[in-house]
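If you want the building blocks of each chain, they are given just below.
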Amino acid sequence: HEVASSAPALWTTITSRHSVVGVQRWLARSQDQSLRVIIGIPKNPALSLRIAERVLVPSMPRMQALFVRGKVASIMACPDVRQQASPRFELLYIEPTSPHDRYSRDIDDASFTAPFVRAPFRRLHLSSQLWPAAWALQSVDVRDFEVSPNSDDFSDEVLVTSWLNGPLRQGFQAWRNLT
């Protein structure tokens, strides 16, 4: 136990299941290491805000990767998330609430409003079930964009890739600028 407690690299993953004391303990034991934060967002908005305040906000100064399952906008609505900087942030990984849904609307314009997500970052990974809401990505400045296809269908990845690189995206952006 003493060896594990003194090895900072073993304490770099914080989850939404941690209590306030658990998060503080993980932050102390991980010392100055970059963090991975894993959040399962409940459908209850009040619980989502509490998770954001308890887990995400204290981790943000050292957060390198954020893995989210659920409606991202519900944690971005937390005022402290909107005010906190995350200088090490590189990866945002988003999965839908239900992996069995063919399409999900778990991302929208509000998903990418927090300043730490609006700053350029290295990688964004979306489940292809989030494709219907891909228009919300127009304000995201990311170097690498990945889409994981549904297990039974590769065509969603092709659709997203062609949409992000083709004339459909340019036309959509022009339309959004008019509204």
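See above for the structure.
These remarks concern the structure in this document. Chains are numbered independently. Their residues run from 1 in the order of the written sequence. Totals for whole chains, interfaces and linings use every residue, but because this is a predicted model, local features are given only for residues with pLDDT of at least 70 and side-chain atom pairs only at 80 or more, for both listing and counting. Remark: hydrogens and water are excluded; side-chain values derive from all non-hydrogen atoms of the structure.

1. Regarding the overall build of the protein
Consideration 1: Within the protein one finds eight helices and six strands.
Consideration 2: Helices and strands appear in the protein in the N-to-C order α-β-α-β-α-β-α-α-β-α-β-β-α-α.
Consideration 3: Considering the protein as a whole, with its 179 residues, one finds that 41% of them fall into the buried category.
Consideration 4: Contacts are residue-level and defined by heavy atoms, with any inter-residue pair within 4.5 Å sufficient. Within the protein, contacts between residues separated by at least 24 positions form 65% of all contacts whose residues are at least 6 apart in sequence.
Consideration 5: Here the open area of atoms and residues is found with the Shrake-Rupley method and a 1.4 Å probe, where only the protein chains shown may cover a residue. Split by element, the accessible area of the protein, about 9600 Å² in all, is 54% carbon and sulfur. A run of H or I in DSSP becomes a helix once it reaches four residues, and a run of E becomes a strand once it reaches two; helices and strands are each numbered from the N terminus. To sort residues, take the accessible area from a 1.4 Å probe on protein chains only and compare it with the maximum for the residue type: under 20% means buried, over 50% means exposed, and anything in between is partly exposed.

2. Some remarks on the environment of P120
Consideration 1: Structurally, the position occupied by P120 is in the loop between α6 (115–118) and β5 (121–127).
Consideration 2: We classify P120 as exposed; its relative accessible area is 55%.
Consideration 3: Along the chain, P120 and V140 lie 20 residues apart, while their C-alpha atoms are 7.4 Å from each other.

3. Looking at the sheet that holds strand β2 (residues 35–40)
Consideration 1: Whether two strands pair depends on DSSP finding at least two bridges between them. Strand order in the open sheet formed by six strands is β1-β2-β3-β4-β5-β6, and the pairing between neighbours is parallel. Only two strands of the sheet have a single neighbouring strand rather than two, namely β1 (13–15) and β6 (142–148). Here the average twist between neighbouring strands, direction ignored, is 15°.
Consideration 2: Looking at chain direction, β2 and strand β3 (residues 63–69) are connected through six bridges and run parallel. The axes are straight lines fitted to the C-alpha atoms, using for helices just the contacting stretch, and the angles between their N-to-C directions are given from 0 to 180°.

4. Re the side chain of T12
Consideration 1: Within the secondary structure layout, T12 lies in the loop between α1 (2–5) and β1.
Consideration 2: Owing to a relative accessible area of 6%, T12 belongs among the buried residues under this scheme.
Consideration 3: Within polar-contact distance, the side chain of T12 engages the backbone oxygen of A9 at 3.3 Å.
Consideration 4: When neighbours within four sequence positions are excluded, T12 is seen to be in contact with S30, Q33, S34, L35 and R36. Here a polar contact is recorded for every N or O atom pair within 3.5 Å, except that within protein the pair must consist of a potential hydrogen donor and a potential acceptor, and residues adjacent in sequence are included only if both atoms are side-chain atoms.

5. Topic: the nonpolar core
Consideration 1: L56, L66, V81, L92, I94 and F116 are the most contacted members of the largest nonpolar core, which totals 34 residues.
Consideration 2: Residue assignment for this core shows that the elements contributing at least two residues are α2 (20–29), β2, α3 (45–59), β3, α4 (73–76), β4 (91–95), α6 and β5.
Consideration 3: With near-sequence residues (within four places) excluded, L66 lies in contact with V37, I39, L56, F89, L91, L92, Y93 and F116. Remark: nonpolar core denotes a set of buried residues (Ala, Val, Leu, Ile, Met, Phe, Trp, Tyr, Cys) joined through side-chain atoms within 4.5 Å.

6. Here's the deal with α3
Consideration 1: By this rule, a helix spans an expected 1.5 Å times one less than how many residues it contains. The terminal C-alpha atoms of α3 lie 20 Å apart, and with 15 residues this matches the ideal 21 Å at 1.5 Å per residue to within 8%.
Consideration 2: At A52, α3 is bent by approximately 35°, the largest bend along its length.
Consideration 3: Where α3 is buried, its residues touch β1, α2, β2, β3, α4 and α5 (79–83).
Consideration 4: The N-cap residue of α3 is N44: its side-chain oxygen and the backbone nitrogen of A46 are 2.8 Å apart. Given a residue, its bend is the angle between the two axes fitted to the seven residues that end at it and to the seven that start from it.

7. Focus: the packing of aromatic side chains
Consideration 1: For Phe, Tyr and Trp, where Trp contributes only its six-membered ring, two rings pair if their centres lie within 6.5 Å, and the inter-plane angle classes them as stacked under 30 degrees, edge-to-face over 60, or tilted in between. For the structure shown, the criterion picks out two aromatic pairs.
Consideration 2: Look at W11 and W26: their rings are 4.6 Å apart centre to centre, the planes differ by 80°, and that puts the pair in the edge-to-face class. You can see W11 sitting in the loop between α1 and β1 and its partner W26 sitting in helix α2, a full 15 residues away along the chain.
Consideration 3: According to the relative accessible area criterion, W26 is partly exposed, its value standing at 21%.
Consideration 4: Ring geometry for F67 against Y93: centres 5.6 Å apart, planes inclined by 40°, an arrangement best described as tilted. Of this pair, F67 sits in strand β3 while Y93 is found in strand β4, placing the two residues 26 residues apart along the sequence.
Consideration 5: Taking NZ or CZ as reference, R29 lies 4.6 Å from the ring centre of W11, over its face. Throughout this description, the term charge over a ring refers to an Arg CZ or Lys NZ atom that lies within 6 Å of the ring centre and within 35 degrees of the ring normal.

Remember that the coordinates give geometry; whether it matters functionally is a separate question.
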